Amino acid sequence: MSDTAPKTPVWKAIAAALRLDLAEGRYAPGDKLPTEAALAERFGVNRHTVRHGISALVGEGLVRTRRGAGAFVAATPTDYAIGKRVRFHENLIAAGRRPEKRVIHLEERAASDGEAFALNIAAGDRVCVYQGLSLSDGQPIALFESLFPLSRIIGIFDAFKQTSSVTDALALCGIADFARASTRLTAVRADATQALHLQVHEGDPLLRSSSVNVDDTKTAIEYGRTYFAGDRVTLTIES
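Residues numbered from 1 in each chain as written. Predicted model: local features only at pLDDT ≥ 70, side-chain atom pairs only at ≥ 80, totals over all residues. Heavy atoms only, no water.

Caption draft 1: Representation of the overall build of the protein within the structure. Summing up its helical and strand segments, the protein has 8 helices and 10 strands in all. For the C-alpha atoms alone, the extent of the protein along its principal axes is close to 85 × 30 × 30 Å. Taking all 239 residues of the protein together, the buried fraction comes to 42%. Once local pairs closer than 6 in sequence are excluded, the contacts in the protein between residues at least 24 apart make up 56%. Counting only carbon and sulfur atoms, one obtains 51% of the accessible surface of the protein, whose full area is about 12,800 Å². Side-chain charges in the protein split into 29 positive and 28 negative, and the spacing between the mean points of these groups amounts to 4 Å. (Helix = DSSP H or I, 4+ residues; strand = E, 2+ residues; numbered from the N terminus. Buried < 20%, exposed > 50% of the residue type's maximum accessible area, 1.4 Å probe, protein only. Contact = heavy atoms within 4.5 Å. Areas by Shrake-Rupley, 256 points an atom, 1.4 Å probe, with all protein chains shown as cover. Lys, Arg positive; Asp, Glu negative; His and termini not counted. Charge placed at Lys NZ, Arg CZ, Asp CG, Glu CD.)

Caption draft 2: Quick peek at the pairing of strand β1 (residues 63-66). Direction of pairing for β1 relative to strand β2 (residues 70-73): antiparallel, over a ladder of 4 bridges. Across the sheet, T65 pairs through a bridge with A71, a residue of β2. (Pairing = 2+ DSSP bridges.)

Caption draft 3: Molecular detail of the packing of aromatic side chains. Applying the stated criterion to the full structure yields 4 aromatic pairs. In this structure an aromatic cluster arises from ring pairing among Y130, F144, F148 and F160. For K101, the ring lying beneath its charged end belongs to F144, and the centroid distance is 4.8 Å. (Phe/Tyr/Trp six-rings, centres within 6.5 Å; stacked < 30°, edge-to-face > 60°. Lys NZ or Arg CZ within 6 Å of the ring centre and 35° of its normal.)

Caption draft 4: Quick look at helix α3 (residues 47-59). Compared with the 18 Å implied by 1.5 Å per residue over 13 residues, the 18 Å span of α3 between its first and last C-alpha is a close match. Those residues of α3 not exposed but buried are T49, V50, G53, I54, A56 and L57. Looking straight down α3, one finds that the buried residues subtend no more than 145 degrees of arc, so they occupy a single side. Counted as exposed and oriented over 90 degrees from the buried face of α3: H48 and G59. Against the buried residues of α3 lie α1 (10-23), α2 (36-43), β1 and β2. (Expected span 1.5 Å × (residues − 1). Arc of directions from axis to C-beta.)

Caption draft 5: Representation of the sheet that holds strand β6 (residues 139-149) in the model. In spatial order, the strands read β4-β5-β6-β9-β8-β7; together these 6 strands make up an open sheet with antiparallel pairing. Where the open sheet ends on each side, the last strands, each with one partner, are β4 (99-110) and β7 (179-189). Shown here is a sheet whose adjacent strand axes are inclined to one another by a mean of 15 degrees, direction ignored. In this sheet, β6 lies alongside strand β5 (residues 126-136) in antiparallel orientation, the contact comprising 10 bridges. Counted as the bridge partner of G132 is F144 from β6. (Axes fitted to C-alpha atoms, helices over the stretch in contact; angles between N-to-C directions.)

Caption draft 6: Seen up close, the nonpolar core. Counting residues in hydrophobic clusters, the biggest one holds 16 residues, and the most contacted among them are C128, F148, I153, I156, F160, V166 and L170. Those elements that provide at least two residues to this core are β5, β6, α6 (156-159) and α7 (166-172). Setting aside residues up to four positions removed in sequence, F148 forms contacts with R126, V127, C128, Y130, I153, I156, F160, V166, L170, I221 and E222. With 14 residues, the next largest nonpolar core counts L18, L33, I54 and V63 among its residues. (Core = buried A, V, L, I, M, F, W, Y, C linked by side-chain atoms within 4.5 Å.)

Encoded structure:
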């Protein structure tokens, strides 16, 4: 009597083996998996079969891929609170994560009409523009751009040469406290530049936060736009 029991497809067996690797902690969140060639050698199959197995893990949300870079273990989304006082470092530390900020670009320029309206200044007034990348446990989670009116915050440009923290930079300029006056959330898709910085695919979903912060006199001191990687951050709204 022949054995007619169905055999498990090889790609499913590969997915199961890699799933076990993840469950046993052989690869930590954010780690890069071995290359397709290395996995093909390990399992004795061709790269197409390996790719099929990895695609199954991508569909389950366990693995993410980046064109030209390989496959990475997906990290658990970072909880990020949006309330009256939003502080990047404090938010991530409270979530048990390691916060990091990287400065991408710092410049002085004229405010556009929309930026001037948000900051309640005249169009063309000079602003300090701070663009950077926010990371959680070494993984990029958000790309941001913050604008500060130079007529109101003297020395802010030089302050950002000393620190990457908005809170610390404002403190150096004599602003000890500030609060969120408004926040607008919109779903968008990543353009090529955003995808490069956030290590996602062009067209992947992002959550854009547009906000205005004010000082203790209710005067606008910061207008910010932040693009959160949709699968790496869980935004919570605090009353």
